[in-house]
Amino acid sequence: MKRKMSDYDLRVDDRPILVSQQEIAKRRHADAITAGSFAVDNISMSSDTKHLFCDYVEGRIATNKDLVSLLHAHYSKLAALDRSSNS
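None of the values given here were measured: they were computed from a predicted structure. (Residues numbered from 1 in each chain as written. Predicted model: local features only at pLDDT ≥ 70, side-chain atom pairs only at ≥ 80, totals over all residues. Heavy atoms only, no water.)

1. Looking at the overall build of the protein chain
Thinking step 1. Secondary structure assignment for the protein chain yields 4 helices and 0 strands.
Thinking step 2. Counting helices and strands in the order they occur from the N terminus, the protein chain gives α-α-α-α.
Thinking step 3. Sorting the 87 residues of the protein chain into buried and exposed places 21% on the buried side.
Thinking step 4. If you take every contact in the protein chain between residues at least 6 apart in sequence, the share linking residues at least 24 apart comes to 70%.
Thinking step 5. If you sum the accessible surface of the protein chain, you get close to 6,600 Å²; carbon and sulfur atoms cover 57% of it. (Helix = DSSP H or I, 4+ residues; strand = E, 2+ residues; numbered from the N terminus. Buried < 20%, exposed > 50% of the residue type's maximum accessible area, 1.4 Å probe, protein only. Contact = heavy atoms within 4.5 Å. Areas by Shrake-Rupley, 256 points an atom, 1.4 Å probe, with all protein chains shown as cover.)

Quick look at the structure:
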């Protein structure tokens, strides 16, 4: 299955790759399936977190746990901002 070129293919990034090429291939395959499902349901990916998922797929984030931690930090910050603006 050939993957369509996306934003993370085009950027220049010299950060280290933390996983094997085999793991990256598995992540790209899973990402393609997920993107297809989102497209069928007309769900767009958050532009605020897209880079995190791209970094995970391309092996710059080592584990799913690391990705979840980064997402948690991002959304916790947004929730705190929302709470302070609603006070």
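2. What to know about the nonpolar core
Grouped burial of nonpolar side chains is what soluble globular proteins tend to show.
Thinking step 1. By size, the foremost hydrophobic cluster in this structure holds 5 residues: Leu52, Tyr56, Ile61, Leu67 and Leu71.
Thinking step 2. Those elements giving two or more residues to this core turn out to be α3 (50-57) and α4 (64-85).
Thinking step 3. Sequence-distant contacts of Leu67, that is, excluding residues within four places in its chain, are made with Leu52, Phe53, Tyr56 and Ile61. (Core = buried A, V, L, I, M, F, W, Y, C linked by side-chain atoms within 4.5 Å.)

3. Some remarks on unusual backbone geometry
Thinking step 1. Its identity as a non-glycine residue notwithstanding, Asn42 has a phi of 60°, on the positive side.
Thinking step 2. Structurally, the position occupied by Asn42 is in the loop between α2 (21-40) and α3.

4. Some remarks on a nonpolar patch on the surface
Thinking step 1. Nonpolar side chains collect at one region of the surface, where Tyr75, Leu78 and Leu81 lie side by side and expose about 280 Å² of accessible area between them.
Thinking step 2. Mapped onto the elements, Leu81 comes out in helix α4.
Thinking step 3. Take Leu81: its relative accessible area is 49%, and that puts it in the partly exposed class. (Patch = residues over 30% accessible without salt bridge, like charges linked within 9 Å, V, L, I, M, F, W, Y side chains within 5 Å. Salt bridge = Lys/Arg side-chain N within 4 Å of Asp/Glu carboxyl O.)

5. Brief notes about α3
Think of an α-helix as 3.6 residues a turn; residues three or four steps apart then line up on the same face.
Thinking step 1. Taken residue by residue, α3 has Leu52, Cys54, Asp55, Tyr56 and Val57 as its buried positions.
Thinking step 2. Remark: Gly59 follows α3 within two positions and exhibits a positive phi of approximately 85°.

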